[in-house]
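Take a look at the letters that make up each chain.
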Amino acid sequence: MQRAIEQRGAPTVSITVARDITERAKPPRAVFVPFMMGHHFGVPFHSRLQRRIILEALSRLQKVGESGEIYDLPLSWAQARREGIEIERAMGLRH
Amino acid sequence: MMETSKQLHPGLWDTINERYPGSMITKDDYVPLAKLGKPVAESRLAFVSSAGVQPKGTLPFDVAHPVGDYNFRRVPSSSEPSELEIHQLKYPTVGANRDRNVILPIERLQELAREGVIGGLTPNFYSFIGYNMDPERLERTLAEEIAEAVADDGTEIALLAPA
């Protein structure tokens, strides 16, 4: 999919939680986040983290690199979850 | 041996390939990189998702079909999260059920476009389900159809989230 879009001329980047699958599918550019499946942009209501992941991915479009490179974002699922819980407490969604 | 130690669920490719032999995309070559025509702050962004997110009221993805659903839905980029629902069975939606932005960060992208961090959003985002048992058919049909639609929408950069 990503390869087909790139071949039509638009630079593309994907966010993956499955590095091993991405290594085999060889999309042009990818960033890997070590998160739970289905949680590519982090945890609920953590806007700052969601935004950061988008911006990190977009920054790969401006780098000169080689096709197939996967960039590992220095993030941790445990930390994302902890921060998410704090945010939900502050929002009154969790005690 | 591939480095997968940091992956939260290691060995996903092997697990899925064992369960659904032949269903996984494996490429031996790399496609040439397209060049950024202008700065990101001036570029129109398309988002493509295999998470099964779709506007409420559109025909739900066929999550029960034995070989998968090779159709896609357009998701207006101006949608509010409350106007979207998820139809898929293959990844945990515990986060996305509470905040759609976890899997389709539509509000964050709308904010970035408003702030001028990105040049704008294409009128539609594109969505399908990742449960497809025939990767060649996927590549021949769905991938080409989405790529055509994305190009027709005036896309200058694309962000994808393979769920």
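Please refer to the structure higher up on the page.
In this convention, every chain numbers its residues from 1, walking through the sequence in written order. Chain letters and ligand numbers both follow the written order, the letters beginning at A and the numbers at 1. Reporting in this predicted model follows two pLDDT cut-offs: at least 70 for local features of residues, and 80 or more for side-chain atom pairs to be given and counted; totals over whole chains, interfaces and linings ignore these cut-offs and use all residues. The side-chain numbers reported here are obtained from all heavy atoms of the structure, hydrogens and water having been left aside.

### Here's the deal with unusual backbone geometry
Residues and elements named next belong to chain A. Of note, Lys26 is a non-glycine position whose phi angle comes to about 50 degrees, a positive value. Its location among the elements puts Lys26 in the loop between helix 2 (19-25) and strand 2 (29-32). A positive phi angle, close to 70 degrees, is found at Phe45, a residue other than glycine. Only DSSP runs of H or I covering at least 4 residues are called helices, and only runs of E covering at least 2 are called strands; the numbering of each starts at the N terminus. Take Phe45: it is sitting in the loop between strand 2 and helix 3 (47-61).

### As for the interface of chain B and chain A
Should any heavy atoms of two residues lie within 4.5 Å, those residues are counted as being in contact. Each partner contributes residues to the interface: chain B has 65 residues there, and chain A has 56 residues. Summed over both partners, the accessible area (1.4 Å probe) lost when two parts come together is defined as the buried area. A combined buried area of about 5,300 Å² lies between chain B and chain A, and 67% of that area is made up of carbon and sulfur atoms. One side-chain nitrogen of Lys or Arg within 4 Å of one carboxyl oxygen of Asp or Glu is enough to make a salt bridge. Along the contact surface separating chain B from chain A lie five salt bridges. Between Glu148 of chain B and Arg8 of chain A there is a salt bridge, with its nearest N and O atoms 2.8 Å apart. Polar contacts, as counted here, are pairs of nitrogen or oxygen atoms within 3.5 Å of one another; within protein the pair requires one atom able to donate a hydrogen and one able to accept it, and residues that are adjacent in sequence qualify only if both atoms are side-chain atoms. There are 26 residue pairs in polar contact (both at pLDDT 80 or more) connecting chain B and chain A. If you list the elements that add at least two residues to the side of chain B that touches chain A, you get helix 1 (12-19), strand 1 (44-49), helix 2 (106-114), helix 3 (135-152) and strand 7 (157-161) of chain B. Among the elements that take part in the side of chain B that touches chain A, helix 3 of chain B stands out by supplying eight residues, more than any other. For this classification, Asp, Glu, Lys and Arg are treated as charged, while Ala, Val, Leu, Ile, Met, Phe, Trp, Tyr, Cys and Pro are nonpolar and the rest, including Gly, are polar. Its residues placed into classes, the side of chain B that touches chain A shows 41 nonpolar, eight polar and 16 charged.

### Structural notes on the environment of Gly42 of chain A
Among the structural elements, Gly42 of chain A can be located in the loop between strand 2 and helix 3. Per-residue accessibility, obtained with a 1.4 Å probe over protein chains only, is compared with the maximum for each type, and a residue is labelled buried under 20%, exposed over 50%, and partly exposed between these values. For Gly42 of chain A, a relative accessible area of 0% gives the class buried. Between the alpha carbons of Gly42 of chain A and Ile53 of chain A there is a distance of 8.3 Å; along the sequence they are 11 residues apart. If we skip the residues at most four places from it in the chain, Gly42 of chain A touches Phe35, Leu49, Ile53 and Trp77 of chain A together with Val102 of chain B.

### Here we look at the pairing of strand 1 of chain B
Side-chain positions along a regular strand alternate between the two faces of the sheet. Residues and elements named next belong to chain B. In terms of burial, strand 1 is largely enclosed, as five of its six residues are buried. At least two DSSP bridges between two strands are needed for those strands to be called paired. Direction of pairing for strand 1 relative to strand 5 (residues 120-121): parallel, over a ladder of two bridges. Bridged to Arg44 within strand 5 is Gly120. Where strand 1 meets strand 7, five bridges bridge the pair, whose relative direction is parallel. Residue pairing for strand 7: Ala46 is matched across the bridge by Ala158. Note that strand 1 and strand 6 (residues 124-127) share two bridges and pair parallel. Each bridged residue has a counterpart across the sheet, and for Ser49 the counterpart in strand 6 is Ser127.

### Some points on the side chain of Ser43 of chain B
Within the secondary structure layout, Ser43 of chain B lies in the loop between helix 1 and strand 1. Given a relative accessible area of 1%, Ser43 of chain B falls into the buried group.

### Quick notes on the side chain of His39 of chain A
Note on placement: His39 of chain A falls in the loop between strand 2 and helix 3. His39 of chain A has contacts with Trp77 of chain A together with Pro92, Val94, Gly95, Val102 and Ile103 of chain B, leaving out every residue within four places of it along the chain.

### Points about the packing of aromatic side chains
A pair of aromatic rings is counted whenever rings of Phe, Tyr or Trp (Trp by its six-membered ring) have centres within 6.5 Å, and the orientation is called stacked for planes under 30 degrees apart, edge-to-face for over 60 and tilted otherwise. Inspection of every chain in the model, using the stated rule, returns five aromatic pairs over all chains. Ring centres 6.1 Å apart and planes at 50 degrees place the aromatic pair Phe41 of chain A and Phe47 of chain B in the tilted group. Taken together, the residues span two chains, with Phe41 of chain A in the loop between strand 2 and helix 3 and Phe47 of chain B in strand 1. Like Phe41 of chain A, the residue Phe47 of chain B is buried in the burial classification.

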